[in-house]
Structure formats: C-alpha cells, structure tokens
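# Reading the structure
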Amino acid sequence: METKNAVPNDKMVLPHHIDTLLQIRTGMVQKAAIKDLEDSGIYKTPKSTPVKVGLLGCEGDERYYPPHKGSDNALLQYDSRHYLKWKSELPAKSHFFVPGAFGENLVTEKMSEEDVCIGDVIRIGKDLVVQVTKPRAPCYKLDMKFETKDISARCRELHRTGWLYRMLTPGSLMAGDEIVLIERMNPEWTVGRVQNIMWKDLKNEKAMKELVTVPELGEEIKEMILKRLAKFERVRSSKQEDASKWKSYRLMERKKETPRIAKFIFESETPDEKPILAPPGSHVRLKIGSDGKLTRAYSIVSGDSNKFTLGIALDEASRGGSKFLHHEAIPGYTCLPFNGIKSDFPIIKDATKHIMIAGGVGITAFILITDELRAQGADFHLYYSIRSAEDIAFKELLAKIPKQHITFADTSQSQRLDIQHILNSAEPSTHFYICGPDRLLSAVNSTAQALSIPSSQIHYEAFSASTTGDPFIVELSESKKKVEVKEEQTLLDVLRESGLDIPSSCEVGNCGSCRVSYSSGRVEHRGTGLLKTEKGSMMLSCVSRGVGVITVDL
C-alpha cells in the first residue's frame, strides 16, 4: 500500500518566495582517485561571481556519464539540512558531509524532497526559470566517495537524493538570489512520493500508471517506470500462456546469406484457412530443446502465419539457440513450436520522417518496415552497419530500396555510423528505430539523452532483451535455498520475492546499486555499474544473468 508524503500547500498564493540561493557550485570532470573507477564530475566549488546557465547546465560545469548531460539534468539541488543528519548518523565520516559534497549545483537551506513537486516552475534571481524533473538516482560512486558502502542505499531509503531541474529560461545565477515558486502543476507528486514509488513501493502498478502520465516527469524515470509496467504485463502474459498458443512449424529451407547469417523458412504443420500477413516490425518466438526452456525471438523478414522467413545470425557464444538452428536443425525434418506473430516494433504514424539504424543481423527487423514505408510514400532513411561487403544480408530485398534512402557503413573500410550527426541533424518530429547489438543500442540511447531527444521518439528491438534471457538457478549460500529465475524475470525480482531487501536505483545496470556477490558459477554480465575488477565476484541483479546454476552470497 502506498504511503503518501505530506503534500505541500497547493493553496499558497503564487508567485511565492520559498528560499534563497546560498551557493552556486560548478566543477569540471576530474580523474578518479580509485583504480578502475570512472572519472567524475561530482567535485564542485562555490562561485563568487555570476554564473551563466544554459539549457544543459552551468557554464564551467561538466558531467562524465553521457546520459547525465541531458536537459532533464541541467541543475542538481540537495537539501543542506541532510548534512547534519549524515554527521549525526556517521560521526566517523563527518568530515565528508559539508554542503556541496553530493555534487549539487544549488545550495539552499529550506527546500526539501518533501515540499518540492515534479513540474514545479521556479524562478531563481531576476530572469532564470527552471522546472523540477525528477529525483536524483544515486549510484555506487557515492559509496566510494564517502568511504561508506551503503550511502547510495541510505539516500534512497531516507529520501535524501536531491532533485534535478530542466531549464525553461536560461540566465545567470549568483549567491543571494531569491528563489520563487511561480507555478505548481502536480501538488500530489512531491519528489519524496516519486522516490517512494521508485525504490520502496515497487508493486504499486496503479500509482506507476498515474506517474508516467505526468508530462513534466524526467524521461529517464519515465522510461524506468514504463519498463516496470511492461515487466508486469510480460509476467501476466507468461502466466496466461497455454499450450494451445504454440503451433508446430517445420523447417523447410536453410540458406547462407552471409558467413554468419542464414535464411530459414518455416511452414506450419496445421495451416490457417485465412493466414495473417506478418505486419511491419513483427517477430515470432520459438522454443528449442527437449524441455522447451530455451525461448528465442526472431524478426520476420517476410511471410504470413502459414509460412515465414527468418534471418538468424550464428552467435559465437550460443548456448543452444542459433547453434542448434545453424548446425543441428534438418530442413524437411526438424519441427519446432512457435508462439504466433507479434508486432512490438510498429511504424509510428504521425512521424514526419523515419530513420532506421541497423547493425548486423538487425537488418531483418527493417525489411518489412521499409517495404511498408515505400508503399506509403513516406520519408525514411536506413543506415546499415556491416563488417564488410560480404556481410550484407538479404541483398535482393534491400535492392528494392532506392539508393538515396539507404546508407551502408562498412567497418572493414574504416566507415562508421556517426550517431551524433544522424540524431542531431534530424527534424524534431523524426522517429528513430534501432535494431542491433547492445553497443549500438547503448550508443544511440546515450546520444539521444545527451541531445534531449524524447525517449518516445526512440524505438528499439534488441536481439536479446536487456533484462530477460534463459532461465537459471540461484543457490542462496546462507539459507541453502534454491530459486529459479525464469526467462521474463530478473535476479532482482526473484530475490525480492524471496523476502530479501535488495536495493536498486536506475534498474538498467548503470548505477551499481543492486549488485550482489556470487561465489560460484558463470555470470553473463550486462550493464556498466561494475568495475572490471569486481566482475569476478559481483553481479548486477537488475540486468545480469547466471548461466545454469550460480551461488549468490545471501
């Protein structure tokens, strides 16, 4: 059950003076003092002269991590009264806790997470106007900075994260500026209440659905909540799934397209009287293995519910999926269960232009999409990154695309996709569709955030979902209990369902808050929130997965 924080007085007469700026602080990225730790922009110093502030933040202020450079993160504020609490609770570390230690730009004495609301429009000084976007998501670097292993977890638990602003009207700031609340749009959504939904009330689906409709909420938090809601839906769908939804298809043909990619044609053993055409952006799921525990999803290149073509790359690290299909499946003989045609990657109808970015076998997601866009006469462009000319899959289908609508980047010829240029030069209402390896998705995502492109205009189809995968078994070393992490679950989900209080913050593998130690087994590491030296004994429970059986030190 959700517990709402005390709601600020939404009947106050506006504009209303709420605080005074005591310090404006800026700082450049500094080299990390700890080996293998990334550099950081957390170290800032107070300025005695006016500081110019633009759409992305203060002049002379830097952030190291690309997603932190977006417009939703222009300024950070932290409640200075928290420092006295930290000193009282951690006296041995009290020398660390002075204003500015958490990397905030704005130092004041009255404002807090319990009386600042998402969407609040605030004037600071004569002309600068900002808007509250989201709570800060604390990361593992805070633990290292303050030499205390659970500072980031305490920040979340105690609602001491601080909050961020986007710039509405750039201007300048200096100590002594008056802080005035101009408009309060969402009095029910204090920063503290959002913190509660993000990190405590983790199953309150009703509140999450309300929160994502708040237009002023920062895109990073909105994306995290949307992923949680999607996970709820996946789990429901998985529970409702029954054998009748799986149909047997026979492999009719397998043909090499490139050294790594092959074309597979499957035909239904019980054909429909009225087959359904595969829509643009569609995929199918199939089960592999005698126990049916290996489930894979592949984009449809062409076809319908009776007969369709897939393009599948042989994964060098395959655990049975692509390896089986490429080397063991026998055309004319092998039959596999498929779970129908689904489209989670549709064309956005109101986009003025469609830009598709494919890497390797990711091109399979765009064959049907480009066919449809050509039929509509829509404005589009396809960028295709390949290892070499011989790695172009489905050449005869791509040949249908006019040359002015497709660009190849051949890495063997030192050609690279300029993601920054592609995104930055697009019109504001352009939608982007990406399918390819994780590094391509990460590059587009971080660049889009840095350029303040709304996440609603960025659409992904990953080869493997960032949090799901093959099931695995986890042995809990302290309780000797064994639990299974199913394909649609994360280790974080299962540990929490087992009654363990595992902290989390970003839930996309970046902050390191959810890490747990493991003592045996093989781990498929995902995300960026671990040091290289930690990967032999730690894993990120929100995204990383075990292979087979692993032992976790809990």
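Residues numbered from 1 in each chain as written. Predicted model: local features only at pLDDT ≥ 70, side-chain atom pairs only at ≥ 80, totals over all residues. Heavy atoms only, no water.

Tallying secondary structure elements over the chain gives 12 helices and 28 strands in all. Its C-alpha atoms give the chain a radius of gyration of 26 Å, near enough to 24 Å, the size a compact globule of 554 residues would have. The C-alpha extent of the chain, read off along each of the three principal axes, is 80 × 60 × 45 Å. Looking at the 554 residues of the chain, the share that counts as buried comes to 52%. Within the chain, contacts between residues separated by at least 24 positions form 71% of all contacts whose residues are at least 6 apart in sequence. Only carbon and sulfur atoms are counted for the fraction: they give 52% of the accessible area of the chain, which is about 25,500 Å². Taken together, the 76 basic and 74 acidic charged side chains of the chain have centroids lying 2 Å from each other. (Helix = DSSP H or I, 4+ residues; strand = E, 2+ residues; numbered from the N terminus. Rg over C-alpha atoms; globule rule 2.2 N^0.38 Å. Buried < 20%, exposed > 50% of the residue type's maximum accessible area, 1.4 Å probe, protein only. Contact = heavy atoms within 4.5 Å. Areas by Shrake-Rupley, 256 points an atom, 1.4 Å probe, with all protein chains shown as cover. Lys, Arg positive; Asp, Glu negative; His and termini not counted. Charge placed at Lys NZ, Arg CZ, Asp CG, Glu CD.)

Right, let's talk about helix H1 (residues 81–89) for a bit. Within the sequence span of H1, burial applies to His 82, Tyr 83 and Trp 86. Viewed along the axis of H1, the buried residues span an arc of 100°, placing them on a single side of the element. Projecting away from the buried face of H1 at angles above 90 degrees are the exposed residues Leu 84 and Ser 88. The elements touched by buried residues of H1 are strand S6 (75–79) and helix H3 (151–157). (Arc of directions from axis to C-beta.)

What follows covers the sheet that holds strand S17 (residues 307–313). One closed barrel holds the six strands; their spatial order is S13-S14-S17-S16-S15-S18, and the pairing between them is antiparallel. Strand after strand, the sheet turns through a mean of 45° between neighbouring axes, direction not considered. Here four bridges tie strand S13 (residues 247–256) to strand S18 (residues 335–343), and the two strands are oriented antiparallel to one another. The residue of S18 that forms the bridge with Ser 248 is Pro 337. (Pairing = 2+ DSSP bridges. Axes fitted to C-alpha atoms, helices over the stretch in contact; angles between N-to-C directions.)

Right, let's talk about the sheet that holds strand S4 (residues 51–54) for a bit. The antiparallel open sheet is built from three strands, whose spatial order is S5-S4-S11. Either end of the sheet is taken by a strand with one partner, and the two such strands are strand S5 (57–58) and strand S11 (171–173). For S4 and S5, the ladder comprises two bridges, and the chain directions are antiparallel. For Gly 54, the partnering residue across the bridge sits in S5 and is Gly 57.

With that settled, consider helix H8 (residues 367–376). Note on helix geometry: an α-helix contains 3.6 residues per turn, so any two residues three or four positions apart are oriented the same way. Looking at H8, one finds that the buried residues are Ile 367, Leu 368, Ile 369, Thr 370 and Leu 373. Positive backbone phi, approximately 70°, marks Gly 377, located one or two places after H8.

Attention now goes to the packing of aromatic side chains. Counted under the stated rule, the structure contains 16 aromatic pairs. For the ring pair Tyr 249 and Phe 308, a centre distance of 5.0 Å and an interplane angle of 45° mean the geometry is tilted. Within this pair, whereas Tyr 249 is found in strand S13, its partner Phe 308 is found in strand S17, the two being separated by 59 residues in sequence. For the pair shown, Tyr 249 and Phe 308 are each scored as buried. (Phe/Tyr/Trp six-rings, centres within 6.5 Å; stacked < 30°, edge-to-face > 60°.)

Okay, the confidence of the model for the chain next. Here the chain averages 88 in pLDDT, and 92% of its residues register 70 or above. Note on residues 3–7: pLDDT is under 50 here. Beyond four places in sequence and across chains, it has 12 contacts. (pLDDT = per-residue confidence, 0-100.)

So, about the pairing of strand S10 (residues 163–169). When you tally the buried positions in S10, you get five out of seven residues, the bulk of the element. In this sheet, S10 lies alongside S6 in antiparallel orientation, the contact comprising three bridges. Bridged to Gln 77 within S10 is Trp 163. Sheet analysis places strand S9 (residues 128–135) next to S10, joined by six bridges and oriented antiparallel. Residue Val 132 lies in a different strand from S10, and its bridge partner there is Tyr 165.

Below, the discussion takes up the nonpolar core. Membership of the largest hydrophobic core comes to 38 residues, with the highest contact counts inside it found for Leu 75, Ile 122, Ile 124, Tyr 165, Leu 173 and Ile 225. Looking at this core, the elements that each hand over two or more residues are S4, strand S8 (121–124), S9, S10, strand S12 (178–183), helix H4 (191–199), helix H5 (205–211) and helix H6 (219–240). Considering every element that reaches this core, the biggest residue donor is H4, with five residues. With residues up to four places along the chain from it excluded, the contact list for Ile 225 reads Ile 197, Met 208, Leu 211 and Val 212. (Core = buried A, V, L, I, M, F, W, Y, C linked by side-chain atoms within 4.5 Å.)

To continue, consider the pattern of salt bridges. For the coordinates displayed, the defined rule picks out 20 salt bridges. Here Arg 184 ties to Asp 120 by a salt bridge, and the two come within 2.7 Å at their closest N and O atoms. Of this pair, Arg 184 sits in the loop between S12 and H4 while Asp 120 sits in the loop between strand S7 (106–108) and S8; the two residues are 64 residues apart in sequence, bridging distant segments of the chain. The exposure classification of Arg 184 matches that of Asp 120, with both residues buried. In this structure, the salt-bridge partner of Arg 374 is Asp 371, at a minimum N-O distance of 2.9 Å. Taken together, the positions of Arg 374 and Asp 371, both in helix H8 and three residues apart, correspond to about one turn of that helix. Taking the relative accessible area as the measure of exposure, Arg 374 reaches 31% and is therefore partly exposed. Overall, Asp 371 belongs to the partly exposed group, its relative accessible area being 27%. (Salt bridge = Lys/Arg side-chain N within 4 Å of Asp/Glu carboxyl O.)

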